[in-house]
Amino acid sequence: MKWKVVMIAAVTLCLGILLAVVKIPLLLIVAEDETESAFLYKEDAEFSVRWTHSVEKEDWEEMFVLEDGVIELTATRFKTFGAGVPNDAGEDTFLKDGWVYMTGITQTIGKELALRTGRETNHRVIYDRHRLDLKKNQSYRIRVARFSILKGIKTYISVKLR
């Protein structure tokens with residue numbers, strides 16, 4: 001009987017150490033220092049940020065990929081050219097379904113993408129079939145972070161229960 005108690009205590013201790021030490025990556029969407037959404041990081045996963053352009057009043061969308069723990073801009077699409085829009089970003093520019101696509105962009109953003117929503121911009125983030133509508137007039141950071149398994153689970157659950 002004594003050995004069973006010792007074994008259970010040893011396994012519990014090892015499990016506790018494992019949960020506290022081993023790190024897992026998460027993709028977080030943080031507004032004004034409050035985590036609004038947390039996703040399990042998936043290597044080579046794509047996400048996009050979509051909004052209504054404040055001047056053109058048309059949707060604009062930028063596509064990103066998660067690679068080696070960093071965010072990389074890969075493509076953009078929009079409805080109309082306007083001031084400040086490059087005419088040849090990336091490797092290919094083409095029209096499809098009323099959108100101008102610029103693909104083959106390889107621009108490393110880093111571990112964090114900062115953005116600011118406007119009053120009429122209707123920003124949203126799309127990741128892994130989830131859509132998060134961002135609040136108006138807020139600063140956001142989309143970032144890759146590494147947490148212990150225990151803290152990662154706690155963060156994920158606390159966000160989901162809100």
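We now turn to the structure provided with this report. Since we're looking at a predicted model, the values are computed, not measured.

This part takes up the overall build of the protein. Check the secondary structure of the protein and you find 2 helices and 11 strands. Order of helices (α) and strands (β) in the protein, N terminus to C terminus: α-β-β-β-β-β-β-β-β-β-β-β-α. The C-alpha radius of gyration computed for the protein amounts to 21 Å, which surpasses the reference 15 Å derived for 162 residues by more than 25%, pointing to a less compact arrangement than a globule. Looking at the 162 residues of the protein, the share that counts as buried comes to 39%. Taking contacts inside the protein between residues at least 6 apart in sequence as the whole, the part at least 24 apart equals 56%. About 10,300 Å² of surface is accessible on the protein, with carbon and sulfur atoms providing 56% of the total. The averaged location of the 23 negative side-chain charges in the protein is 12 Å from the averaged location of its 24 positive side-chain charges.

Below, the discussion takes up the side chain of E72. With respect to the secondary-structure elements, E72 resides in strand β5 (residues 70-78). One buried charged residue, E72, forms no salt bridge at all, with the nearest opposite charge on K111 at 12 Å. In contact with E72, other than residues within four places in its own chain, are M63, F64, V65, E67, T106, Q107, T108 and I109.

Attention shifts here to the sheet that holds strand β9 (residues 124-127). Read across the open sheet, the 7 strands follow the order β6-β7-β5-β4-β3-β9-β10; overall the sheet is antiparallel. The strands lining the two open edges of the sheet, one partner per strand, are β6 (92-96) and β10 (130-133). With strand direction ignored, the average angle separating the axes of adjacent strands in the sheet is 25°. Judged from the 5 bridges that link them, β6 and strand β7 (residues 99-110) form a sheet pairing that is antiparallel. For F94, the partnering residue across the bridge sits in β7 and is Y101.

Below, the discussion takes up the environment of H123. Examined against the element boundaries, H123 turns out to sit in the loop between β8 (112-116) and β9. On the basis of relative accessibility, which here comes to 8%, the residue H123 falls in the buried class. When residues no more than four places from it in sequence are discounted, the contact partners of H123 are V49, R50, W51, L115, R116, T117, G118, L132, D133 and L134. Side chain to side chain, H123 and T121 meet in a polar contact 2.8 Å long.

With antiparallel pairing, 4 strands are arranged side by side in an open sheet as β2-β1-β11-β8. In this open sheet, the two strands that pair with only one neighbour each are β2 (34-40) and β8. Going from strand to strand, the sheet's axes swing by 30° on average, the running direction of each strand aside. When strand β1 (residues 23-31) meets β2, the two strands line up antiparallel, connected through 6 bridges. Among the inter-strand pairings, L27 is bridged to a residue of β2, identified as F39. Along the sheet face, helix α2 (residues 149-160) touches β1, β2 and β11 (139-148) and points at about 115° away from the line of β2.

Quick notes on the rules
- Residues numbered from 1 in each chain as written.
- Predicted model: local features only at pLDDT ≥ 70, side-chain atom pairs only at ≥ 80, totals over all residues.
- Heavy atoms only, no water.
- Helix = DSSP H or I, 4+ residues; strand = E, 2+ residues; numbered from the N terminus.
- Rg over C-alpha atoms; globule rule 2.2 N^0.38 Å.
- Buried < 20%, exposed > 50% of the residue type's maximum accessible area, 1.4 Å probe, protein only.
- Contact = heavy atoms within 4.5 Å.
- Areas by Shrake-Rupley, 256 points an atom, 1.4 Å probe, with all protein chains shown as cover.
- Lys, Arg positive; Asp, Glu negative; His and termini not counted.
- Charge placed at Lys NZ, Arg CZ, Asp CG, Glu CD.
- Salt bridge = Lys/Arg side-chain N within 4 Å of Asp/Glu carboxyl O.
- Pairing = 2+ DSSP bridges.
- Axes fitted to C-alpha atoms, helices over the stretch in contact; angles between N-to-C directions.
- Polar contact = N/O pair within 3.5 Å; in protein donor to acceptor, adjacent residues only side chain to side chain.

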